[in-house]
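# Chain and residue survey
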Amino acid sequence: MDISDSRKKAIIELFESQWRIGSDSKLKKERVTDFRKILTKGANNEDN
Amino acid sequence: MKIIEVTISNFRQYHGTSTIKLSTNPEKNITIIQGVNGSGKSNFMNAITWCLYNEEIFKSKTNQGRDVINESALFDSPNGVAETSVTVTVGERTPEFVFKRSEQYRLEKGMPFRADVSFSCQQIDPDKGWIRREDPAGVVERVFINSALKNFFFFDGEQMDRYFEDTVKIKKNVEQIAQIGLIDQVLNTLSDVEASIKKEIKTVSAKRPEVDIDPEDVAEEIKTLKDRKSNLDSDIKILDDDIAQIEEYLKTNSDTVVSELQIRRNELERERTAKVKDLDINKKSLKDLVSRYVSRVYAYGALQHTKNIIDEGTKKGQLPPNIKEIFIRELLETGICICGRDLKDDEESRKHVEALLEKVVPNSIVEEAETGKYVVGELIDKFSFSSEYAHYQRKIRELDGQLSEIRDNLESISNRLANYDVDVIATKEGELKSLKDDRDKKVKQISTIEYRIGELNTKMEDFDEYYRKIQEVDAEVKALNKVNNYSNLIGNDIVDIRDSIVEEVRKNLELQTKQYFFQMIWKGKVWSDVRIIDEGPRYRISLLSDHGQEALGDQSAGEKEVLALSFTAALYNSSGISAPIFIDTPLGKISGPTRMNIAELLKTYLNQTQLIILPTDTEYTEEVRQCLLPNVGAEYRISYDPELRQSKVVDYD
């Protein structure tokens, strides 16, 4: 599997976020916000 | 996690309360609970799954539609009330969790009525002792066997034919073993993220302004107009030269009438230019005046009304008052009136002066009124709109009149020269008129062009504003799409990771099942391979004959059991779950020497786990017993009273 280091880092952060916030449906907004932060940072890093 | 003991109270055919301690000794990992057919072996396992999962894992026609309460316990109860309960104590070595499920029943109209249910979990805490856990079902899932996997840990030897039927479930179970729950949750959140981004793109895109002009077309039109204007300017310059030549000819003409007329015309034209300039200035001033005073025009009426009220008060002598409050108070204080009367002793005079005090306007009002009058007066005085407006109007009218007069005079001079009795003069004047008409026409065209250029420039400025907004929206949408694409990329990576983990677990499970099977099976050379084949949504267990043909289903009962046990042992090892395995009637469909093979295998290949075997009396022969005995840590028998239809777990001996 060919995954760049920056993507690996983003994936780990997503897992940490999911683990930290949990899967409660009431926390969906919080999860989505946190994921978007990680993905935005990752997408920008991918450019560099 | 092992089951240390089970306490069954009035559950199904178990009357009264029995506590069964299971062997937790790793060296003697087997617990035997022997019972004749129908004595309650399956219900013993049902009691455990009912307690932990609120589900009886082995369905039976006898149980169908009947409450779990032991009916004798309820019907024999003096007050018509009884409780059924099962308590399961689990722990690695010593009790760590105690799960208890109970149901209260009472008799209503001769029938059992379930009045109350409860499920609890107590956990030992090194500091606090036993504490109550709020989420007993969750605790079962986390510390014991996940409910999705429980079927593989409660094993019915009589159901071997159906063991591999639910292959979709097998795949799900493998996914459970792979602990990919968190991966699936991350993928779900990524889907939520993608949905939120798409929604936001829609919202942002809606803010993109619709532009009906093409800036390139507008720029092209401006360029064309400027070129046309430039050409017209050149034409006017040529016309001006031609006009100047003719005018010079007329001005310097030997005919003094002609030259004077031309000189006069030049003067009038200069005058006209000055007047036009003056007219423009006045028109601009008038425009500025209207803009400046437009808000005050609305307030003018109110100001005038206020001024009238103040003026009226003044006229009536109320404003300012002729006798001031302060003055009267001073008289009363000194006690002497201006006429010399003693206001202290002369009571009538004092009352008269005091009466005046009632009539005068108080000082505060006087001050406010005087200030108000001043302010209103000032505002009205400064409000010279009408007079200034009239002034400019008058000036504009005057200038219009003067210009009209100049135009008439110029026209008159032109007519005179055009009809002059010297042909060359008349011709020259005709030419001059034509040139001037042409010039005027071109000046008008320039004016139209300039107006249009102004319009187009405004459009371009508007477009710049739109363009900035469009760029903003496009940049925002681009950024959102970038995150969305990245999310897709990451999602694909995670799906790959997930698939590779599940595949690894599948391969491991396949390898272990195969190893166990070929270690356990006594006719090894009849079979060539055991496979767990991924068929998308399901896994198919495949057993190949020595000729490479599919042979699942063709094997004997004993062989089926070996395959199932192999899979269970592999599942057990792969799952990392440390939980007991229950095997009901392990030798039920097996006869002859195979029995001993299976007995040997149970002892050998499941020696790492707590194993609870529930054989019938015919399965648990002395030979089988002697085979297993070195590994047996607890041995029970289910005592069944067929008349009372009641069971009790007792020591084997």
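Residues numbered from 1 in each chain as written. Chains lettered and ligands numbered in written order. Predicted model: local features only at pLDDT ≥ 70, side-chain atom pairs only at ≥ 80, totals over all residues. Heavy atoms only, no water.

### Focus on the overall build of chain A
Summing up its helical and strand segments, chain A has two helices and zero strands in all. Expressed as a percentage of the 48 residues in chain A, the buried residues total 42%. (Helix = DSSP H or I, 4+ residues; strand = E, 2+ residues; numbered from the N terminus. Buried < 20%, exposed > 50% of the residue type's maximum accessible area, 1.4 Å probe, protein only.)

### Description of the interface of chain B and chain A
With 23 residues of chain B in contact, the opposing surface of chain A contributes 23 residues. The contact between chain B and chain A buries some 2100 Å² in all, and 74% of this surface belongs to carbon and sulfur atoms. On the chain B side of the interface with chain A, the three residues burying the most area are T189(B), K482(B) and Y486(B), jointly 28% of the side's total. Inspection of the chain B/chain A interface yields two salt bridges. One salt bridge in this structure joins R7(A) and D493(B), with 2.5 Å as the shortest N-O distance. For the pair chain B and chain A, the number of links is five residue pairs in polar contact (both at pLDDT 80 or more). (Contact = heavy atoms within 4.5 Å. Buried area = accessible area lost by both parts, 1.4 Å probe. Salt bridge = Lys/Arg side-chain N within 4 Å of Asp/Glu carboxyl O. Polar contact = N/O pair within 3.5 Å; in protein donor to acceptor, adjacent residues only side chain to side chain.)

### Side note on the confidence of the model for chain B
For chain B, mean pLDDT is 87; residues scoring 70 or higher make up 95% of the total. Per the prediction output, this complex has pTM 0.55; the corresponding ipTM is 0.96. (pLDDT = per-residue confidence, 0-100.)

### Quick look at helix α5 (residues 181-206) of chain B
Taking 1.5 Å per residue as the helical rise, α5(B) with its 26 residues ought to reach 38 Å, and the 38 Å between its terminal C-alpha atoms agrees with that figure. Within the span of α5(B), buried status applies to I183(B), V186(B), L187(B), T189(B), L190(B), V193(B), E194(B), I197(B), I201(B) and V204(B). Each element contacted by the buried residues of α5(B) is listed here: α1 (5-21) and α2 (28-47) of chain A together with α12 (423-520) of chain B. (Expected span 1.5 Å × (residues − 1).)

### Some words on the packing of α2(A) against α12(B)
One way to put it is that α2(A) packs onto α12(B) with a least axis distance of 9 Å and a crossing angle of 95 degrees. Between α2(A) and α12(B), the angle is such that the two are roughly perpendicular. Contact residues: α2(A) offers R36(A), L39(A), T40(A), G42(A), A43(A), N44(A), E46(A) and D47(A), while α12(B) offers L480(B), K482(B), V483(B), Y486(B), S487(B), L489(B) and I490(B). Residues of the contact of α2(A) with α12(B), tallied by class, amount to seven nonpolar, four polar and four charged. (Axes fitted to C-alpha atoms, helices over the stretch in contact; angles between N-to-C directions. Parallel < 35°, antiparallel > 145°, perpendicular 65-115°, else oblique. Nonpolar A, V, L, I, M, F, W, Y, C, P; charged D, E, K, R; others polar.)

### Observations regarding the environment of I180(B)
All names here are of chain B. Here I180 lies in the loop between α4 (167-177) and α5. Along the sequence, I180 and I501 sit 321 residues apart, while their C-alpha atoms lie 8.1 Å from each other. With residues near it in sequence (within four places) discarded, I180 still touches E175, R498, I501 and V502.

### As for the nonpolar core
Residues and elements named next belong to chain B. If you look at the biggest cluster of nonpolar residues, it comprises 122 residues, and the most contacted ones within it are F44, F99, F153 and I494. A total of 13 residues in this core trace back to one element, the largest contributor, which is α12. L261, Y420, I425 and L432 belong to the second-largest nonpolar core, a separate cluster that totals 15 residues. (Core = buried A, V, L, I, M, F, W, Y, C linked by side-chain atoms within 4.5 Å.)

### Quick word on the pairing of strand β2 (residues 14-21) of chain B
Residues and elements named next belong to chain B. Here strand β1 (residues 2-11) pairs with β2 via six bridges, running antiparallel. Bridge pairing in β2 places F11 opposite Y14. From the end of β1 to the start of β2, which pair antiparallel, there are two residues, and R12 there has a positive phi angle of about 50 degrees. (Pairing = 2+ DSSP bridges.)

### Thoughts on the environment of L182(B)
Inspection of the secondary structure assignment puts L182(B) in helix α5. Residues in contact with L182(B), not counting those within four places in the same chain, are F15(A), Q18(A) and W19(A).

### Re the pairing of strand β7 (residues 129-133) of chain B
Residues and elements named next belong to chain B. Bridge analysis of strand β6 (residues 111-125) against β7 gives five bridges, and the strand direction is antiparallel. Each bridged residue has a counterpart across the sheet, and for D125 the counterpart in β7 is G129. Between β6 and β7, which follow one another and run antiparallel, lie three residues.

### Looking at the packing of helix α6 (residues 215-251) of chain B against α12(B)
Residues and elements named next belong to chain B. Closest axis-to-axis distance for the α6/α12 pair is 8 Å, and the angle between their directions is 160 degrees. Between α6 and α12, the angle falls in the class roughly antiparallel. In this structure, the crossing between α6 and α12 has a hand that is left-handed. A per-class count over the contact of α6 with α12 returns 22 nonpolar, two polar and 18 charged. (Left-handed = near helix turned anticlockwise from the far one by under 90°.)

### Some points on helix α9 (residues 347-359) of chain B
Helical periodicity: at 3.6 residues per turn, an α-helix aligns residues three or four positions apart in one direction. Residues and elements named next belong to chain B. For α9, which comprises 13 residues, the first-to-last C-alpha distance of 19 Å matches the rise-based estimate of 18 Å (1.5 Å per residue) to within 8%. Inspection of α9 places S349, V353 and L357 among the buried residues, and these make up the whole buried set. Viewed end-on, α9 has its buried residues packed into an arc of 95 degrees, placing them on one side of the element. Residues E348, K351, H352, E358 and K359 are exposed on α9 and point more than 90 degrees away from its buried face. Where the residues of α9 are buried, they touch α8 (325-334). (Arc of directions from axis to C-beta.)

### Observations regarding a nonpolar patch on the surface
There is a patch of nonpolar side chains on the surface, built from Y249(B), V422(B) and V424(B) and spanning about 210 Å² of accessible area. In this structure, V424(B) sits in helix α12. (Patch = residues over 30% accessible without salt bridge, like charges linked within 9 Å, V, L, I, M, F, W, Y side chains within 5 Å. Areas by Shrake-Rupley, 256 points an atom, 1.4 Å probe, with all protein chains shown as cover.)

### What to know about the side chain of D34(A)
For D34(A), the position within the fold is in helix α2. Beyond its immediate chain neighbours, meaning those up to four positions away, D34(A) contacts S17(A), R20(A) and I21(A).

### Structural notes on a negative patch on the surface
Taken together, the side chains of D214(B), E216(B), D217(B) and E220(B) define an acidic patch exposed on the protein surface. Considering the arrangement of structural elements, one finds E220(B) in helix α6. (Lys, Arg positive; Asp, Glu negative; His and termini not counted. Charge placed at Lys NZ, Arg CZ, Asp CG, Glu CD.)

### Focus: the packing of aromatic side chains
Residues and elements named next belong to chain B. Throughout the structure, instances matching the rule amount to eight aromatic pairs over all chains. With a centroid separation of 5.6 Å and an interplanar angle of 25 degrees, the aromatic rings of F463 and Y467 are classed as stacked. Of this pair, F463 and Y467 both sit in helix α12, four residues apart, which is roughly one turn of the helix. Residue class for F463 comes out buried when judged on its relative accessible area of 9%. What makes Y467 partly exposed here is its relative accessible area of 40%. With a centroid separation of 6.5 Å and an interplanar angle of 65 degrees, the aromatic rings of F517 and W527 are classed as edge-to-face. Note that F517 is positioned in helix α12 and W527 in strand β9 (residues 527-535), a separation of ten residues in sequence. (Phe/Tyr/Trp six-rings, centres within 6.5 Å; stacked < 30°, edge-to-face > 60°.)

### Digging into unusual backbone geometry
Residue and element names in this part refer to chain B. Unlike most non-glycine residues, K109 shows phi in positive territory, near 55 degrees. With respect to the secondary-structure elements, K109 resides in the loop between β5 (97-108) and β6. In this structure K109 comes out as exposed when scored by relative accessible area, which is 85%. Unlike most non-glycine residues, T585 shows phi in positive territory, near 40 degrees. Turning to its location among the elements, T585 is positioned in the loop between β11 (581-584) and α14 (593-605).

### Points about the pattern of salt bridges
All names here are of chain B. Applying the stated criterion across every chain yields a total of 38 salt bridges over all chains. Between E56 and R12 there is a salt bridge, and its shortest N-O distance comes to 2.7 Å. Pair noted here: E56 is in the loop between α1 (41-53) and α2 (71-75) and R12 is in the loop between β1 and β2, with a separation of 44 residues, a long-range link. You'll find E56 and R12 in the same group, each marked buried. Residue R506 pairs with E510 through a salt bridge whose shortest N-O separation is 3.2 Å. Residue R506 and its partner E510 are located together in helix α12, separated by four residues, close to a single helical turn. This pair shows no difference in class: R506 is buried, exactly as E510 is.

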